[in-house]
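A structural walkthrough
Listed below are the residues making up each chain.
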Amino acid sequence: MSLPIQTPRPEILAPAGNAQMLSAAVFSGADAVYLGLTGYNARRSAGNFTPEELCDAVRFCHARGVRVHVTLNTLVFGPELPGLADAVRAVAEAGADAVIADDLAVAALVKQMAPEVHLHASTQMTIHTPEGARQMAEMGYDRVILARELSLEEIRAVVKASPIEVEVFIHGAMCMAVSGQCMMSAFLGGRSGNRGACAGPCRLPFDATPGLRPGQPGTACHLSLKDMDLVPYMAQLMDAGVASIKIEGRLRTPEYAAAAVTACRCAREGKAYDEALLRDIFSRSGFTDGYLVGRNGKNMFGVRTQADADATRAATPKARELFRRELSRIPVTFRVEVLPDGIALTAEDGEGRAARAVSRTAPQAAQKDQSDAITRALSKTGGTPFCVGEIKLPEEAHTAFWPGSEWNELRREVLERLLEFRSAPAPKSVQPCSLPVWAPRRPGVSTLAARFERAEQVPADLTDRLAFLVLPVSQAAQLPEALRPRTLLELPRVCFGAAEEAAKTALAGCEGQGFRGVVLNNPAHLRYATSLPRYGGMGLNVTNPVAAGRWRELGLQGMLVHPETPLPAMRLLDPGMPTAALCYGHMPLMLTRACPLRNVRDCKGCPHSGSLRDRKGRDFPVRCSAPGMAGIRTVYNPVPLYMGDRLGELPADFALAAFTLEAPDRVHQILEMLLAGRGFDSEFTRGLYYTG
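Presented here is an overview of the structure given in this document. Note that this is a predicted model, so its numbers are computed, not measured.

Counted by the stated rule, this structure contains 4 cavities of 30 Å³ or more. Of the voids in this model, the largest cavity is the one considered here, and its volume is about 120 Å³. Lining the largest cavity are 16 residues, with Asp-102, Met-125, Gly-539, Leu-540 and Asn-541 sitting closest to its centre. For the lining of the largest cavity, the per-class residue count stands at 7 nonpolar, 7 polar and 2 charged. In this structure, the second largest cavity encloses a volume near 80 Å³. If you go around the second largest cavity, the residues you meet are Leu-146, Ala-147, Arg-148, Leu-150, Ile-155, Val-168, Phe-169, Met-228, Leu-230, Leu-237, Tyr-291 and Leu-292. For the lining of the second largest cavity, the secondary-structure elements that each account for two or more residues are β7 (165-172) and α11 (290-293). A breakdown of the residues in the lining of the second largest cavity according to their chemical character gives 11 nonpolar, no polar and 1 charged.

Rendered as structure tokens:
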């Protein structure tokens, strides 16, 4: 279905967690909405839409010139792929405009089955650099949705380099972790944020306060960020060239959606908006613009208080007025014809559709020119999506009189018909789906490999018993030359600002030095990790055979299966190249650009490490990134994953032990346990391998 030729830029993209929120967003002036199909989206606890409801939603939106983006942005396991294909088919048959995708399996199915549907790279793909945007374009995406953590200058750099549209978040909740790189909810409560079921544990107490007694519960919420509000920076974002500004919040209310859309619409037009209403309808003790302006300190953090909740209740009736009547925004041309025995009125929308109604009431002779009266009657389009663009009156209409009620009835009739015409279904073509049949691979891995955070952790007397080693590229110079032919250099999962150039420089310095290969952790790495054999790391989030096969087509020679993948789903991962599964490691639950430790200390004099005490009295280690790759903090699970006594149950070619926090002597102990197949000597977890 054709949409309005001229759409204001940037597009205002609003959340629609359910039908009521959809109506509020559209009635208050959103240019596009994003919504979830039941299952396969990052907000499974929202109301979401069945395939039938999606058809109705698309018709409702398209009738008003509003685009519909469907979120299929979760990681998918192999057994779920047939259902995913059904979801892609439903999106196309409904006539939706775009799919927001995270998993490469979703992208592959959209390209195969629904080539007319636009493909948007979800923020869950962790695209945050110019190279990442270029890579998404090369892979066939039409738009990239950037990580929330970028500064204005970093956004400008991505937009300038990007061959495709760039979408940024402008208002709403912020995850503490970089989207797509958080496993906290999954490993602490079994509800994966990467699969749309986040329980929001970061809003609970995680206290960085020093001096807490052992076992004393934490009370401060030092992982809870305030909501983002970049509406005051609308002019700068427009100048940067972003194509779409996105409002976060599918789990919130229709009133919230209307208040945010109205504020964005006013700001885009250079008009004042009700800042107090926007704050009161939802905030966590105010808002933050910390990432955009580069002030990532303790002022970014906040919690939802009783005063905030009271303000929301008081503001709700006022916000509800914003969508009580529909915004009139689709210009129509009215054409009047004087008939021998009456009058006809035609409404045209400028997109090839027209509706006509006829009145057989005979006219009376007019005592004065009727053009002003007719114009007033036809201009009363309030409460409809239409506004008057032009009224064409023949000369004879100026001197013929029909009562205002007659014009009103004709206007209502033609606009109702025109809206009905615009609501007609317009499904997109659907191509047949061809999913390969995968034979489950037999479990039983006997080959051990290890990843080390620091070169000093590498045990010289055990390396001969390891299939290969993995080390961050920043540690390459510290590795003995004899180990290089068996070592993969790992690129960081996120590289904000100058860190990407640092990673490029570090990798370039390793060319010709005899290293075995490089581990990619972000699609951007495909752009510059070209001189060494390439392998996939945890950051690529591979959980199913279609995604694994796509990465193989992109040049990878092996990959690590994402640790949220249960063993039955892992058995289907046989992409024609070696796979590895984690058998040991303190899970990196969060990667963050904002530092939780800055709630209680400054960076000056900080040892670049600390801990967060949860409400149960357990300490979660926090570490800053390696020198030269600064800007990222990692929150680790204090309880390690361990599968050393069950390596025979891992359906992968290699078992990978990942060492991060451990001292060198502890690394040695754990490797000996793994090599001997012994049970662990302290508290551990099996992770998510036996779930589902």
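Now, onward.
Summed over all chains, the structure comprises 46 salt bridges. The partner of Arg-134 in a salt bridge is Glu-131, and the shortest N-O contact between them spans 3.3 Å. One end of the pair, Arg-134, and the other, Glu-131, are both in helix α5 (residues 130-138), 3 residues apart, so they sit about a helical turn from each other. Residue Glu-131 is classed as buried on the basis of its relative accessible area of 12%. As a salt-bridge pair, Asp-681 and Arg-666 come within 2.8 Å of each other at their nearest N and O atoms. Separated by 15 residues along the polypeptide, Asp-681 in the segment after α18 (664-676) and Arg-666 in helix α18 bring together distant segments of the chain. Note on Asp-681: relative accessible area 49%, which makes it partly exposed.

When two helices pack together, their arrangement is given by the angle between their axes and by how far apart the axes lie. For the pair helix α4 (residues 104-113) and helix α16 (residues 545-553), interaxial distance at closest approach is 7 Å and the crossing angle is 85 degrees. One element, α4, and the other, α16, form an angle in the roughly perpendicular class. Along its contact with α4, which presents Leu-104, Ala-105 and Ala-108, the element α16 presents Val-546, Ala-547, Arg-550 and Trp-551. Among the residues forming the contact of α4 with α16, the class breakdown is 6 nonpolar, no polar and 1 charged.

Our next topic: the side chain of Thr-463. Among the structural elements, Thr-463 can be located in the loop between β18 (448-452) and β19 (469-472). Polar side-chain contacts of Thr-463 include one of 3.3 Å to the backbone oxygen of Ala-460. If sequence neighbours within four positions are ignored, Thr-463 has contacts with Val-458, Leu-469, Leu-483 and Arg-486.

Right, let's get into a negative patch on the surface. A cluster of acidic residues, Asp-369, Asp-372, Glu-395 and Glu-396, forms a negative patch at the surface. Structurally, the position occupied by Asp-372 is in helix α13 (residues 371-378).

With that settled, consider the sheet that holds strand β27 (residues 619-624). Across a sheet, strands are paired by hydrogen bonds formed along the backbone, either parallel or antiparallel in direction. Taking strand neighbours across the sheet as the criterion, the 5 strands line up as β8-β26-β27-β28-β25 in an open arrangement whose pairing is antiparallel. Two strands in the sheet have a free side with no partner beyond their single neighbour: β8 (206-207) and β25 (588-592). With 5 bridges connecting them, strand β26 (residues 609-614) and β27 associate as antiparallel partners. Along β27, the bridge assignment pairs Ser-609 with Arg-623.

Moving on: the pairing of strand β13 (residues 342-348). A large share of β13 lies buried, amounting to 6 of its 7 residues. Hairpin connection, strand β12 (residues 330-339) to β13: the antiparallel pair is bridged by 2 residues. One ladder, built from 6 bridges, connects β13 with strand β14 (residues 354-359); its direction is antiparallel. What sits directly across from Ala-347, in β14, is Ala-355. If you look at the hairpin formed by β13 and β14, you'll find 5 residues sitting between the two strands, and Gly-350 has a positive phi there, around 80 degrees.

Moving on to α5. Helical periodicity: at 3.6 residues per turn, an α-helix aligns residues three or four positions apart in one direction. Every buried residue of α5 is accounted for by Glu-131, Gly-132, Ala-133, Gln-135 and Met-136. Of the surrounding elements, those touching the buried residues of α5 are β5 (118-121), β6 (143-145), α6 (152-161) and α15 (499-508). Just beyond α5, the residue with positive phi is Gly-140, at close to 95 degrees.

This part covers the packing of aromatic side chains. Evaluation of the coordinates by the stated rule reveals 10 aromatic pairs. Note on Trp-402 and Trp-407: the rings are 6.1 Å apart at their centroids and 80 degrees apart in plane angle, and the pair reads as edge-to-face. Trp-407 carries the same exposure label as Trp-402, and that label is buried. Counting every residue linked through ring pairs, the aromatic cluster contains Phe-452, Tyr-584, Tyr-642, Phe-659, Phe-680 and Phe-684.

Another point: the sheet that holds strand β16 (residues 386-392). Taken in spatial order, the 4 strands make up an open sheet running β14-β13-β12-β16, and their pairing is mixed. With partners counted over all chains shown, the strands left at the sheet margins are β14 and β16, one partner each. Here the strands of the sheet are splayed against their neighbours by 25 degrees on average, with no regard to which way each runs. The sheet contact formed by β12 and β13 spans 7 bridges and is antiparallel. Counted as the bridge partner of Thr-333 is Glu-348 from β13. Together, β12, β13 and β16 form the strand contacts of α13, whose direction differs from that of β16 by roughly 155 degrees.

Here Asp-207 shows up in strand β8. Buried Asp-207, no salt bridge; nearest opposite-charge side chain is Arg-613, N-O distance 8.2 Å. Among the polar contacts made by the side chain of Asp-207, one reaches the side chain of Thr-209 at a distance of 2.5 Å. Filtering out sequence-adjacent residues up to four positions away, Asp-207 remains in contact with Leu-212, Gly-218, Thr-219, Ala-220, His-222, Ser-611, Leu-612 and Arg-613.

Definitions and limits used
Residues numbered from 1 in each chain as written. Predicted model: local features only at pLDDT ≥ 70, side-chain atom pairs only at ≥ 80, totals over all residues. Heavy atoms only, no water. 1 Å grid on protein atoms, 1.4 Å probe; cavity = no way out; pocket = protein on both sides within 12 Å on 5 of 7 lines; lining within 4 Å. Points joined across faces, edges and corners; volume = space filled by probe spheres on them. Nonpolar A, V, L, I, M, F, W, Y, C, P; charged D, E, K, R; others polar. Helix = DSSP H or I, 4+ residues; strand = E, 2+ residues; numbered from the N terminus. Salt bridge = Lys/Arg side-chain N within 4 Å of Asp/Glu carboxyl O. Buried < 20%, exposed > 50% of the residue type's maximum accessible area, 1.4 Å probe, protein only. Axes fitted to C-alpha atoms, helices over the stretch in contact; angles between N-to-C directions. Parallel < 35°, antiparallel > 145°, perpendicular 65-115°, else oblique. Contact = heavy atoms within 4.5 Å. Polar contact = N/O pair within 3.5 Å; in protein donor to acceptor, adjacent residues only side chain to side chain. Patch = residues over 30% accessible without salt bridge, like charges linked within 9 Å, V, L, I, M, F, W, Y side chains within 5 Å. Areas by Shrake-Rupley, 256 points an atom, 1.4 Å probe, with all protein chains shown as cover. Lys, Arg positive; Asp, Glu negative; His and termini not counted. Charge placed at Lys NZ, Arg CZ, Asp CG, Glu CD. Pairing = 2+ DSSP bridges. Phe/Tyr/Trp six-rings, centres within 6.5 Å; stacked < 30°, edge-to-face > 60°.

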